[in-house]
Amino acid sequence: MPELPEVETIRRGLEPVMTGQTIAHAAVNRPDLRRPFPPRMAERLAGAQVTALRRRSKYILADLSTGESLLIHLGMSGRILISGEMQGDFQHRHPAPAKHDHVVMTMASGARITFNDARRFGAMDLLETALGDAHPLLAAIGPEPFGNDFNETYLTQRLKGRATSIKSALLDQKNVAGLGNIYVCEVLFRAGLHPARPAGKLPAKDVAGLVPLIRDVLAEAIEAGGSSLRDYRQADGELGYFQHRFRTYGRENQPCTSSGCSATIQRIVQSGRSSFFCPKCQR
């Protein structure tokens, strides 16, 4: 599932095509994805201007001139594709409609935004913009990792006394928004922390040290355009490249990349998810 860097990369790709532009026409080609679409969704989108494009955790939010916001979650295989817009001297022509093009928005500029989702694990909804994060999908999400509310003091207090593993604690969206399996593995490697260590028993300095590492890893991944694993693509169809910088994720039985370390990367399963780590560098 796309994590914060992939979603942020897509948001940035959509911003120049959608922000300030009017949705001339919308087509909703099925009644639902993971959950039902809101009533009259196509009608409510048509004619609305996109006033801002935001990201909250792994969700994209398009604020509309109608006072509503379009909420988008990519799920396991969802893709948002742009066609018809000009980039330099080239124009990306509209492709022929595909089987899994479930929602298509045509902008007044001529650009087309297509939500394609073969497995239908994604979600789209309309909510009142003024309600902010009160939507059921957003209400329990913790602070954004790049925001001021996510700091050393907050994370230390949040994890104090927790019996869960540090890996599970960082994956919990109630503690911090947007982190997923890939980037937590990479963060814990840089921190030198074994993923099974109890979160509540870590020294305060180790917990505090996670905050800048989380920001560094996410910022590097965004700069690289995210990580392309299986279905993920950027909004322009290009691949992300952070997977070439993985130090642990997906590298089971491969040599550790730390200078002077002779160990190999190992994998364990935690709560049904693979955790990759170096048994020598991470304690």
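Residues numbered from 1 in each chain as written. Predicted model: local features only at pLDDT ≥ 70, side-chain atom pairs only at ≥ 80, totals over all residues. Heavy atoms only, no water.

1. Looking at the packing of aromatic side chains
Quick note on the threshold: Pairs were defined over the aromatic rings of Phe, Tyr and Trp, the Trp ring being its six-membered one, requiring ring centres within 6.5 Å. Orientation was assigned from the angle between planes: stacked under 30 degrees, edge-to-face over 60, tilted for the rest. For the purposes of this entry, the term helix denotes a DSSP run of H or I that reaches at least four residues, the term strand denotes a run of E that reaches at least two, and both are numbered from the N terminus.
Going through the model one piece at a time under the given rule, you end up with three aromatic pairs. Taking the centre distance of 5.2 Å and the plane angle of 70 degrees together, the rings of Tyr 249 and Phe 276 count as edge-to-face. A residue pair is termed long-range when its members are at least 10 positions apart, and Tyr 249 in the loop between helix H6 (204-223) and strand E11 (266-270) and Phe 276 in strand E12 (residues 273-277) qualify at 27 residues. Members of the aromatic cluster, joined through ring pairs, are Phe 246, Tyr 249 and Phe 276.

2. Structural notes on the environment of Cys 256
Selection rule: In this scheme, a residue with accessible area under 20% of its type's maximum is buried, one over 50% is exposed, and one in between is partly exposed, where area comes from a 1.4 Å probe on protein chains only. Contacts are assigned to residue pairs that have any heavy atoms within 4.5 Å of one another.
Among the structural elements, Cys 256 can be located in the loop between H6 and E11. Using a relative accessible area of 8% as the deciding quantity, one classes Cys 256 as buried. Spatially, the C-alpha atom of Cys 256 lies 9.0 Å from that of Lys 280, the residues being 24 residues apart in sequence. The residues contacting Cys 256, other than those within four sequence positions of it, are Phe 189, Cys 261, Ala 263, Thr 264, Ile 265, Cys 278 and Cys 281.

3. Overview of the sheet that holds strand E1 (residues 23-28)
For clarity, the cut-off: Between any two strands, pairing holds if DSSP finds at least two bridges. Angles shown run from 0 to 180 degrees and are taken between the N-to-C directions of axes, each axis being a line fitted to C-alpha atoms and, for helices, limited to the stretch in contact.
Strand order in this open sheet of four strands is E1-E8-E9-E5, and the pairing throughout is antiparallel. Each edge of the sheet is formed by a strand with only one pairing partner; in this case those strands are E1 and strand E5 (78-83). Strand-to-strand twist in this sheet, taken as the mean axis angle between neighbours without regard to direction, amounts to 15 degrees. Note that strand E8 (residues 101-107) and strand E9 (residues 112-117) share five bridges and pair antiparallel. Each residue of the ladder has a partner; that of Met 105, found in E9, is Ile 113.

4. Side note on the confidence of the model for the protein
Filter applied, for reference: The predictor attaches a confidence to each residue, and that confidence, scored 0 to 100, is pLDDT.
On average, residues of the protein score 89 in pLDDT, and 89% of them reach the 70 mark or higher. Across residues 237-244, where pLDDT falls below 50, the model places 24 contacts with residues more than four positions away in sequence or in other chains.

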